Amino acid sequence: MRNLLRPLLRRGNTDPARPGPPNRPPVGAYRSASYLPLRPWQVRSRTFTTCRRGLDPAEVAAFLDRVAGDLAAAHAEVARSREEASRIKEALRAWQSRQASTMRDLARHP
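What counts, and at which threshold
Residues numbered from 1 in each chain as written. Predicted model: local features only at pLDDT ≥ 70, side-chain atom pairs only at ≥ 80, totals over all residues. Heavy atoms only, no water. Helix = DSSP H or I, 4+ residues; strand = E, 2+ residues; numbered from the N terminus. Contact = heavy atoms within 4.5 Å. Areas by Shrake-Rupley, 256 points an atom, 1.4 Å probe, with all protein chains shown as cover. Phe/Tyr/Trp six-rings, centres within 6.5 Å; stacked < 30°, edge-to-face > 60°. Lys NZ or Arg CZ within 6 Å of the ring centre and 35° of its normal. pLDDT = per-residue confidence, 0-100. Buried < 20%, exposed > 50% of the residue type's maximum accessible area, 1.4 Å probe, protein only. Polar contact = N/O pair within 3.5 Å; in protein donor to acceptor, adjacent residues only side chain to side chain. Salt bridge = Lys/Arg side-chain N within 4 Å of Asp/Glu carboxyl O.

### Re the overall build of the chain
Part 1 of the argument: Assigned secondary structure in the chain consists of 3 helices and 0 strands.
Part 2 of the argument: Starting at the N terminus, the α and β elements of the chain follow one another as α-α-α.
Part 3 of the argument: By sequence separation, contacts in the chain at least 24 residues apart represent 46% of the contacts at least 6 residues apart.
Part 4 of the argument: About 9,600 Å² of surface is accessible on the chain, with carbon and sulfur atoms providing 58% of the total.

Structure representation (C-alpha coordinates):
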(Lines give C-alpha, C1' and ligand atoms only; values in the text may rest on other atoms or scores of the structure.)
Protein backbone atom coordinates (compact mmCIF):
# COMPACT_ATOMS: atom_id res chain seq x y z
CA MET A 1 0.00 0.00 0.00
CA ARG A 2 2.82 2.36 0.88
CA ASN A 3 4.37 1.83 -2.56
CA LEU A 4 1.10 2.79 -4.21
CA LEU A 5 0.89 6.06 -2.27
CA ARG A 6 4.55 7.03 -2.58
CA PRO A 7 4.13 9.00 -5.86
CA LEU A 8 1.28 10.94 -4.31
CA LEU A 9 3.22 11.77 -1.18
CA ARG A 10 6.35 13.11 -2.88
CA ARG A 11 7.42 16.48 -1.62
CA GLY A 12 7.17 19.30 -4.10
CA ASN A 13 5.93 19.61 -7.63
CA THR A 14 8.61 17.88 -9.71
CA ASP A 15 6.65 17.78 -12.97
CA PRO A 16 7.29 20.99 -14.97
CA ALA A 17 4.09 20.37 -16.95
CA ARG A 18 2.07 20.75 -13.75
CA PRO A 19 1.34 24.36 -12.83
CA GLY A 20 1.12 25.66 -9.31
CA PRO A 21 3.16 25.80 -6.15
CA PRO A 22 4.81 22.77 -4.57
CA ASN A 23 2.57 20.49 -2.57
CA ARG A 24 3.03 21.87 0.93
CA PRO A 25 0.73 21.40 3.90
CA PRO A 26 -1.41 24.44 4.63
CA VAL A 27 -0.14 26.89 7.22
CA GLY A 28 -1.71 26.34 10.60
CA ALA A 29 -2.95 22.86 9.74
CA TYR A 30 -3.13 20.38 12.60
CA ARG A 31 -1.50 17.53 10.71
CA SER A 32 1.83 15.82 10.91
CA ALA A 33 4.57 17.09 8.63
CA SER A 34 4.60 13.77 6.77
CA TYR A 35 0.98 14.20 5.59
CA LEU A 36 0.61 16.19 2.40
CA PRO A 37 -2.87 16.93 1.05
CA LEU A 38 -3.77 15.70 -2.41
CA ARG A 39 -3.98 18.22 -5.20
CA PRO A 40 -6.49 17.94 -8.05
CA TRP A 41 -3.77 17.34 -10.65
CA GLN A 42 -2.47 14.40 -8.59
CA VAL A 43 -5.89 12.76 -8.63
CA ARG A 44 -6.38 13.37 -12.37
CA SER A 45 -2.96 12.02 -13.30
CA ARG A 46 -3.10 8.92 -11.07
CA THR A 47 -2.92 5.66 -12.98
CA PHE A 48 -3.47 2.12 -11.79
CA THR A 49 -2.19 -1.17 -13.06
CA THR A 50 -4.74 -3.29 -14.89
CA CYS A 51 -5.27 -6.93 -14.28
CA ARG A 52 -7.33 -9.63 -15.91
CA ARG A 53 -10.45 -8.98 -13.88
CA GLY A 54 -9.82 -5.34 -13.12
CA LEU A 55 -12.02 -2.30 -13.19
CA ASP A 56 -13.15 -0.47 -16.30
CA PRO A 57 -10.44 2.14 -16.95
CA ALA A 58 -12.96 4.62 -18.37
CA GLU A 59 -15.08 4.43 -15.21
CA VAL A 60 -12.04 4.85 -12.99
CA ALA A 61 -10.86 7.85 -15.02
CA ALA A 62 -14.32 9.44 -14.90
CA PHE A 63 -14.52 8.94 -11.15
CA LEU A 64 -11.03 10.34 -10.57
CA ASP A 65 -11.91 13.36 -12.70
CA ARG A 66 -15.04 13.92 -10.60
CA VAL A 67 -13.07 13.61 -7.36
CA ALA A 68 -10.43 16.01 -8.69
CA GLY A 69 -13.15 18.53 -9.56
CA ASP A 70 -14.63 18.30 -6.08
CA LEU A 71 -11.16 18.62 -4.57
CA ALA A 72 -10.44 21.72 -6.68
CA ALA A 73 -13.75 23.25 -5.53
CA ALA A 74 -12.85 22.51 -1.90
CA HIS A 75 -9.42 24.14 -2.30
CA ALA A 76 -11.05 27.20 -3.88
CA GLU A 77 -13.57 27.46 -1.03
CA VAL A 78 -10.81 27.22 1.59
CA ALA A 79 -8.85 29.96 -0.19
CA ARG A 80 -11.98 32.15 -0.36
CA SER A 81 -12.68 31.58 3.33
CA ARG A 82 -9.13 32.50 4.29
CA GLU A 83 -9.32 35.64 2.18
CA GLU A 84 -12.61 36.62 3.82
CA ALA A 85 -11.22 35.96 7.30
CA SER A 86 -8.23 38.14 6.50
CA ARG A 87 -10.50 40.94 5.26
CA ILE A 88 -12.65 40.73 8.41
CA LYS A 89 -9.58 40.76 10.69
CA GLU A 90 -8.25 43.84 8.92
CA ALA A 91 -11.61 45.61 9.29
CA LEU A 92 -11.69 44.70 12.99
CA ARG A 93 -8.17 46.07 13.51
CA ALA A 94 -9.14 49.33 11.80
CA TRP A 95 -12.27 49.62 13.94
CA GLN A 96 -10.30 48.90 17.12
CA SER A 97 -7.75 51.58 16.18
CA ARG A 98 -10.52 54.15 15.72
CA GLN A 99 -12.13 53.14 19.02
CA ALA A 100 -8.85 53.27 20.92
CA SER A 101 -8.34 56.95 20.13
CA THR A 102 -11.93 57.72 21.15
CA MET A 103 -11.50 55.82 24.42
CA ARG A 104 -8.26 57.72 25.19
CA ASP A 105 -10.05 61.03 24.65
CA LEU A 106 -12.86 59.97 26.99
CA ALA A 107 -10.37 58.87 29.66
CA ARG A 108 -8.60 62.27 29.58
CA HIS A 109 -11.80 64.31 30.02
CA PRO A 110 -13.88 62.78 32.79
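### Notes on the environment of Leu38
Part 1 of the argument: Tracing the sequence through the fold places Leu38 in the loop between α1 (2-9) and α2 (40-45).
Part 2 of the argument: For the pair Leu38 and Ala68, spaced 30 residues apart in sequence, the C-alpha separation works out to 9.2 Å.

### Quick notes on the packing of aromatic side chains
Part 1 of the argument: Inspection of every chain in the model, using the stated rule, returns 0 aromatic pairs.
Part 2 of the argument: Directly above the ring of Phe48 sits Arg46, whose terminal nitrogen or CZ lies 4.9 Å from the centroid.

### Quick word on the confidence of the model for the chain
Part 1 of the argument: Taken as a whole, the chain shows an average pLDDT of 76; of its residues, 67% reach a score of 70 or greater.
Part 2 of the argument: Per-element averaging of pLDDT across the chain places α1 at the bottom with 54 and helix α3 (residues 57-108) at the top with 90.
Part 3 of the argument: Within the model, the stretch residues 11-17 combines pLDDT values under 50 with 12 contacts to residues more than four positions away or in other chains.

### Brief notes about the side chain of Gln42
Part 1 of the argument: With respect to the helices, strands and loops of the structure, Gln42 is situated in helix α2.
Part 2 of the argument: With a relative accessible area of 5%, Gln42 lands in the buried category.
Part 3 of the argument: Within polar-contact distance, the side chain of Gln42 engages the backbone nitrogen of Arg39 at 2.7 Å.

### Some words on the pattern of salt bridges
Part 1 of the argument: Here the structure, examined in full by the defined rule, presents 4 salt bridges.
Part 2 of the argument: As a salt-bridge pair, Glu77 and Arg80 come within 2.6 Å of each other at their nearest N and O atoms. One end of the pair is Glu77 and the other is Arg80, both in helix α3 and 3 residues apart, which spans about a single turn.
Part 3 of the argument: Using a relative accessible area of 43% as the deciding quantity, one classes Arg80 as partly exposed.
Part 4 of the argument: A salt bridge links Arg80 to Glu84; the shortest N-O distance between them is 3.0 Å. A residue pair is termed a helical-turn pair when its members lie 3 or 4 positions apart in one helix, as Arg80 and Glu84 do in helix α3 at 4 residues.
Part 5 of the argument: Through salt bridges that share partners, Glu77, Arg80 and Glu84 make up one connected network.

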